[in-house]
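# Observations on the model geometry
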Amino acid sequence: MRILLLCLIGGYLLLVGVIALNQKRMLYFPDPTPPSVDNLRPMGGPALAIWPAASGPAFRGYVSADSTVYSPTRGTVVVFHGNAGSARDRGYYLAALERRGYRVVLAEYPGYGGRAGELGEASFVADGRETARRALAEFGGPLWLWGESLGAGAAAAVAADSTLPVAGVALITPWDSLPELAQALYWYLPARWLLLDRYDNRTHLNQYPGPVAILVAERDEIIPAGHSQRLYETLREPKRRWFFPNAGHNGWPIQPTAAWWDEVSDWLNATRR
């Protein structure tokens with residue numbers, strides 16, 4: 001029995017060690033494919049152009065290739081996308097928000113979509129701040145931040161930067177803090193102490209004085225709705241929450257005609273910082 005117990009303990013410690021050493025591979029799922037003529041015409045949204053224009057491999061994200069279709073009268077939205085794939089897969093933000101009067105920048109993370117750089121929270125947040133500054137300088141304000149899933153962590157941290165005049169923040173399927181989420185999902189591991197990247201949305205958003213919209217997928221199988229709800233409950237006013245009934249993590253309504261796009265954007269405009 002003693003030998004069996006020692007083997008079980010040794011195996012558990014080995015498992016913990018392997019997970020600790022490979023956590024970034026387990027956390028991030030980038031598509032490293034660089035932009036090309038073919039993949040800049042995605043399904044589900046308008047044709048894309050790399051941004052900043054003529055930046056080559058130093059690009060930071062994407063904008064609509066035809067910026068004359070809609071007039072950007074309500075400011076600039078910087079979108080931080082969810083974990084898997086790349087920013088090119090999120091053309092639905094352009095389709096929905098540009099018709100509502102916003103200039104939209106799909107921010108790309110270092111290590112994703114052909115961009116150079118390190119995967120990780122520190123890299124993403126520093127890069128996101130610079131992307132937000134450049135977007136504001138080029139396109140003008142007000143500056144809005146939208147974040148989806150992992151992107152909610154980047155958006156919340158960027159919003160916490162007091163040097164950026166962020167008018168409002170919208171977060172889709174966010175967590176409260178990554179260690180708390182990881183511990184709940186992997187209860188059999190000391191997950192909260194293993195994680196190097198924390199993405200503490202609760203702390204970051206409470207450093208931000210503007211309005212925050214939280215959008216929750218009721219049947220989210222990746223980030224259980226309770227974590228989004230706990231984040232909402234800790235926020236100070238102004239704040240507002242939307243529920244997507246019966247929606248999963250990747251099953252919320254992305255159609256550009258969906259009424260919630262109007263509701264969220266109108267509320268943010270009415271309560272903007």
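Presented here is an overview of the structure given in this document. Given the structure is predicted, the values throughout are model-derived calculations rather than measurements. (Residues numbered from 1 in each chain as written. Predicted model: local features only at pLDDT ≥ 70, side-chain atom pairs only at ≥ 80, totals over all residues. Heavy atoms only, no water.)

### Quick word on the overall build of the protein chain
Let me state the cut-off plainly: For the purposes of this entry, the term helix denotes a DSSP run of H or I that reaches at least four residues, the term strand denotes a run of E that reaches at least two, and both are numbered from the N terminus. Type-normalised accessible area, obtained with a 1.4 Å probe on protein chains alone, sets the label of each residue: buried when under 20%, exposed when over 50%, and partly exposed for intermediate values. It only takes one pair of heavy atoms within 4.5 Å for two residues to be counted as in contact. Shrake-Rupley sampling with a 1.4 Å probe provides the accessible areas, and residues are treated as covered by the protein chains on show and by no other component. Charge counting follows a simple rule: Lys and Arg are positive, Asp and Glu are negative, and His as well as the terminal groups are ignored. One atom stands in for each charge, and that atom is NZ of Lys, CZ of Arg, CG of Asp or CD of Glu.
In terms of helices and strands, the protein chain carries ten helices and eight strands. With respect to the three principal axes, the spread of C-alpha positions in the protein chain is 75 × 40 × 35 Å. With 273 residues in all, the protein chain has 52% of them scored as buried. Of the contacts made within the protein chain by residues no fewer than 6 positions apart, 74% connect residues no fewer than 24 positions apart. Summing over all exposed atoms, the protein chain offers an accessible surface of approximately 12400 Å²; the carbon and sulfur share of this is 59%. Computed over 26 positive and 25 negative side-chain charges, the inter-centroid distance for the protein chain is 3 Å.

### Considering the side chain of Arg 60
Put simply, the rule reads: By the criterion applied in these results, polar contacts are pairs of N or O atoms within 3.5 Å in which, for protein atoms, one can donate a hydrogen and the other can accept it, and in which residues neighboring in sequence qualify only through two side-chain atoms.
Relative to the assigned elements, Arg 60 resides in the loop between strand E1 (48–51) and strand E2 (61–64). Taking the relative accessible area as the measure of exposure, Arg 60 reaches 7% and is therefore buried. There is a polar contact of 3.0 Å between the side chain of Arg 60 and the side chain of Thr 131.

### Quick word on the pattern of salt bridges
Operational definition: What makes a salt bridge here is a side-chain nitrogen of Lys or Arg within 4 Å of a carboxyl oxygen of Asp or Glu, nothing more.
With the rule as written, the count across this model stands at twelve salt bridges. Residue Arg 129 is joined to Asp 161 by a salt bridge in which the shortest nitrogen-to-oxygen separation is 3.7 Å. With Arg 129 in helix H4 (residues 121–139) and Asp 161 in the loop between helix H5 (150–159) and strand E6 (166–172), the pair connects residues that are 32 residues apart, well separated along the chain. Look at Arg 129 and you get partly exposed, because its relative accessible area is 29%. Between Arg 230 and Asp 176 there is a salt bridge; the shortest N-O distance is 3.5 Å. Of this pair, Arg 230 sits in helix H9 (residues 225–234) while Asp 176 sits in the loop between E6 and helix H6 (178–185), and the two are 54 residues apart along the sequence. Given a relative accessible area of 40%, Arg 230 falls into the partly exposed group. With a relative accessible area of 0%, Asp 176 lands in the buried category.

### Regarding the sheet that holds E1
The following threshold applies: Any two strands with at least two DSSP-identified bridges between them are counted as paired. For helices, the axis comes from a line fit to the C-alpha atoms of the stretch in contact; other axes are also lines fit to C-alpha atoms, and the angle between any two N-to-C directions lies between 0 and 180 degrees.
The sheet built from eight strands is open, its strands ordered E1-E2-E4-E3-E5-E6-E7-E8 with mixed pairing. Bordering the open sheet on either side are E1 and strand E8 (239–244), each of which pairs with just one other strand. Neighbour to neighbour, the strand axes of the sheet diverge by 20 degrees on average, direction disregarded. Where E1 lies against E2, four bridges are found, and the strand directions are antiparallel. When the bridges of E2 are listed, Leu 48 appears paired with Ser 64. Those strands touched by H4 are E1, E2, strand E3 (76–80), strand E4 (103–107) and strand E5 (143–148), and its axis lies near 160 degrees from that of E3.

### As for the pairing of strand E7 (residues 212–217)
Quick note on the threshold: The definition of a right-handed crossover adopted here requires that, viewed with the strands pointing away, the path from the first strand over the helix to the second runs clockwise.
Taken across its six residues, E7 has six buried, putting it largely inside the fold. When E7 meets E8, the two strands line up parallel, connected through six bridges. Note that in E8 the partner of Ile 214 across the bridge is Arg 241. You can see the chain leave E7, run along H9 and come back into E8, and the turn it takes is right-handed.

### Examining the environment of Arg 115
Positionally, Arg 115 belongs in the loop between E4 and H4. Along the primary structure Arg 115 and Pro 256 are separated by 141 residues, whereas in three dimensions their C-alpha atoms are 28 Å apart. Leave out the neighbours within four places in its chain, and Arg 115 touches Phe 59, Arg 60, Glu 108, Tyr 109, Pro 110 and Asp 127. Here the side chain of Arg 115 touches Phe 59 through a polar contact of 3.0 Å, landing on its backbone oxygen.

### A look at unusual backbone geometry
Residue Pro 52 follows Trp 51 across a cis peptide bond; omega there is -5 degrees. Along the chain, the position of Pro 52 falls in the loop between E1 and E2. A cis amide bond links Glu 237 to the next residue, Pro 238, at an omega of 0 degrees. Considering the arrangement of structural elements, one finds Pro 238 in the loop between H9 and E8. Its identity as a non-glycine residue notwithstanding, Ala 54 has a phi of 60 degrees, on the positive side. Looking at where Ala 54 falls in the secondary structure, it is placed in the loop between E1 and E2. For Ala 54, a relative accessible area of 80% puts it in the exposed group. We note that Asn 246 has phi near 60 degrees; this positive angle belongs to a residue other than glycine.

Geometric values such as these leave the question of function open.
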